[in-house]
Every structure is written in structure tokens, then in C-alpha cells.
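Structural characterization, general
So the chains spell out like this:
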Amino acid sequence: MRQRDPPAASVSLVGEMDRHTAIGTLWRTEDGRVRCVACGHRCLIAAGRRGICKVRFNDAGQLRVPFGYVAGGLASDPVEKKPFFHVYPGSDALTFGMLGCDFHCPYCQNWVTSQALREPAFLSPLVEATPEQIVRAAQRQGARLVVSSYNEPLITAEWAAAIFRQATQAGLACAFVSNGNTTTEALDFLQPRLAAYKIDLKGFDSQRYRKLGGTLDMVTAGIRAVRERGIWLEVVTLLVPGFNDSDAELRAMTQFLVSVSPDIPWHVTAFHPDYKMTGFPATTARQLIHAAEIGSEAGLRFVYAGNLPGRVGPWENTFCPQCRAALIERAGYRVREYRITAAGQCPNCQTAIPGLWLPGGAAGARLGGPARELSPRLPGRVPLRQP
Ligand code: SF4
């Protein structure tokens, strides 16, 4: 593994990225051009041109796609940080990312990696890697999951699939943290190795979604498709005061989720001013709780308020939807109590609780959370090679 110096200019960054590519899988030839089908934009790309994400390009009639590096750090985080609350609670998730995104949200909290090609002054160095190195790093860290996050994983799906292939052979579960702008082709390609999928539902207003670079229809279709395929799905909404937090919008959003399934866990998380939206106020605990109450009233059975640990009352915990027994108690990313049985049931009334649970039940739970959870996410924080 060799860490390269950050390039001095965007031209250098593009050249560096283009050197770390391979012929992709998610494309076809159409009218003498290349049709990329990795994300909902379905770019038709002429020779020598790039897709909207800027990281996939037509090289003499073949689509080259990012491959063989990580950016923004390789981190071993609690799975609760993704956030997944119904996926092996208390486990570590070895998380990797690349560069680029097919959206351009002005409040992105991973903009250093996702918007690297649109913000050349702020660079995140590439670190060459192989799938084997990443999986070995996950094993050394004792991770149960390997997760593609930090940038939009759909645009780098072939690289994720190569890592997931090795990871599943090693007995690890694999997951995506995505904007949900997916396609049938991408899900067909990923599904054999994808255990869980988190989708960021950024609001419920079509016009505003277009300003972020996507469409509400594509994302809602992505949510339906992931759920219908039986991939474990959780949805998160970053609540930005004055942007997406009206009662009407939250009601419409949560009613939509209920129409797909009331068992989809919905995380409403606190915004802090970032990137290009520094003029908006941070979300208060009261605003988060109000949004969570709207989701619960709409009929969602598992609603969580995140990013303000210890300040949102019961909204960090999981309760049995039948008898209301507390099943998982959390403080931020830490699991303090775990009572779901090995069969995935409430120990009190035996109601089946939807999710991917610890095979050993409460006896297999690691309480207190991983020691690394509050460490800053720095490039290469988890080394690819054993020192
Ligand atoms: S991943 Fe999406 S944005 Fe990028 S080239 Fe493919 S269709 Fe276009």
C-alpha cells in the first residue's frame, strides 16, 4: 500500500483517478456510445466524455470505472454510525469510500470525498488498495460487516462488488450507504452479495430533489425496489431546519415509507452547518423529536432520532411494536442493553422483530460499543497492511 501526495490541481486529481480504473460491468453500447446503467441518471456517454458523476468515462467505446483505491479513510466504525440499527447491533463495520457522487447536495457531510471533483481546492488523497487488503483489514479489526460509504457507492459499484466477493467468502456481511438513485441492473449485479442497504431520503419535494441532482421518483422507486428484493433496508433523513422539516413534508415522506412497509426503520438525524449550507441552523433535539413523532404517528414501527446522543429521550432505543418492551437500549452509537433473542424475537411476547440479528442473541452482544467509535475518520486510519 502506498499513499500518494494530494495532487496540486483538479487536472492532476482527474489523471490520478483515471489511472485507478478498470473496464466496468454496468454499461452497454447504444447508438455508437456507451450507456452507463450504474445509477438512475443512465448517462449516454460519447467517446472521450464522462458521465454526470465524472468518475466513469467512455474510453474508445468502453466504460472505464473507478477501481483499486480508497479515499476518505478506511475506518472501523460501529454499524450504528452508518446508521443501521437493525443490523448486527454493536458490531464493527469496516467502511471504505472512493471519490465522486452523482448528486451535489449543498449540505453534504462527506463533501471532501463526494464532491472532490467539483471542489478541487479540497482534496482527499487516493490510497491504492486491493480487495484482499481491505478484507484482511476487516478481519484484523474484528469487523462483522464491510460497508461502501463516504461517496455514492452506486457510481463505484464494480469496485464494491469486487470487495464484497472476497468479503462474503470470508463470512462478512456487506452493505451500501447510498442516495438510492439506483437501477434494476445495479441491484441485479449487487444483490448476491448485499445484505443491507441504507438509503438517504433527503426530503419529499420533487423540485428540491432536482436541485440536489436527482429526482424524488427515482429515489422512491429505489426504496421500493430494495425492499421488494428482500435486501435489508433502513432509511435516513437528515433534518435541515427550514429546508425539509415542514410537518406536511415529513407526513408525506413517512406515509410513503409506511406504504412500502411499516417495518422500514426510519432514522431522522440532526444537521450541523456544513459545506455550502452554513447559513442554516443546526437541528435541535426538540425538532428531531417532533419529526420522530410524525413518523411514529404515520405508522412506522421503528423510528430513531440520531446525532444528538442522550438528548432525544426514548428515540435512540428499539421497542417491541407489540408489547412495547425495550429491546435495544443505546446511547449514541453504543449498545447498552440487547434483549432480542437468537431467533430474532422479543423475549417478552415472542413477536418477530424485523432485521439481521446477532445469532447468539443477548449472549452474543457486545455491550458498550467499540473503543474506536469516537476517533476522527482520517485517511488510512485502519491500515491496509499489518504493521
Ligand atoms: S454512475 Fe450514474 S452519473 Fe455516473 S456515468 Fe453512470 S449513470 Fe452517469
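Since this is a predicted model, take the numbers as computed values, not measurements.

1. Quick notes on the pattern of salt bridges
Enumeration over the complete set of coordinates arrives at 16 salt bridges. A salt bridge links R42 to E185, with the nearest nitrogen and oxygen atoms 2.8 Å apart. Of this pair, R42 sits in the loop between β3 (33-36) and β4 (44-45) while E185 sits in helix α5 (residues 184-190); the two residues are 143 residues apart in sequence, bridging distant segments of the chain. E185 sits in the partly exposed class, given a relative accessible area of 25%. Through salt bridges with shared partners, a single ionic network connects R28, E30, R35, R42 and E185.

2. Observations regarding the nonpolar core
One finds F96, Y107, I134, Y197, L201, I223 and W266 to be the most contacted residues of the largest nonpolar core, which totals 91 residues. Looking at which element gives the most residues to this core, the answer is helix α4 (residues 157-169), with seven residues. Ignoring any residue separated from it by four or fewer positions in sequence, one finds Y197 in contact with F84, L154, F176, S178, G180, T182, L187, V226, I231, W232, L233 and E234. In this structure, Y88, V177, A325 and L327 belong to the second largest nonpolar core, which totals 27 residues.

3. What to know about the side chain of D263
In this structure, D263 sits in the loop between α8 (247-260) and β15 (266-270). Using a relative accessible area of 16% as the deciding quantity, one classes D263 as buried. Among the polar contacts made by the side chain of D263, one reaches the side chain of R301 at a distance of 2.6 Å. Apart from residues lying up to four places away in sequence, D263 is in contact with R227, W232, R301, F302 and P354.

4. Some points on the environment of I289
Relative to the assigned elements, I289 resides in helix α9 (residues 285-298). Among the residues examined, I289 registers a relative accessible area of 22% and is labelled partly exposed. For the pair I289 and V312, spaced 23 residues apart in sequence, the C-alpha to C-alpha distance is 6.3 Å. Discounting residues that sit within four places of it in the chain, I289 has contacts with R311, V312 and W315.

5. Describing the sheet that holds strand β16 (residues 303-306)
Strand order in the open sheet formed by eight strands is β8-β9-β11-β12-β13-β14-β15-β16, and the pairing between neighbours is mixed. The two strands at the open ends of the sheet, each matched to only one other strand, are β8 (75-78) and β16. When the angles between neighbouring strand axes are averaged without regard to direction, this sheet yields 25°. With four bridges joining them, β8 and strand β9 (residues 92-96) adopt antiparallel strand pairing. Paired with P78 across the two strands is D92, which belongs to β9. Against the sheet, α8 engages β14 (232-239) and β15, with an angle of about 150° to β15. Each of β14, β15 and β16 touches α9; the most contacted strand, β15, lies at about 165° to it.

Rules behind the numbers
- Residues numbered from 1 in each chain as written.
- Predicted model: local features only at pLDDT ≥ 70, side-chain atom pairs only at ≥ 80, totals over all residues.
- Heavy atoms only, no water.
- Salt bridge = Lys/Arg side-chain N within 4 Å of Asp/Glu carboxyl O.
- Helix = DSSP H or I, 4+ residues; strand = E, 2+ residues; numbered from the N terminus.
- Buried < 20%, exposed > 50% of the residue type's maximum accessible area, 1.4 Å probe, protein only.
- Core = buried A, V, L, I, M, F, W, Y, C linked by side-chain atoms within 4.5 Å.
- Contact = heavy atoms within 4.5 Å.
- Polar contact = N/O pair within 3.5 Å; in protein donor to acceptor, adjacent residues only side chain to side chain.
- Pairing = 2+ DSSP bridges.
- Axes fitted to C-alpha atoms, helices over the stretch in contact; angles between N-to-C directions.

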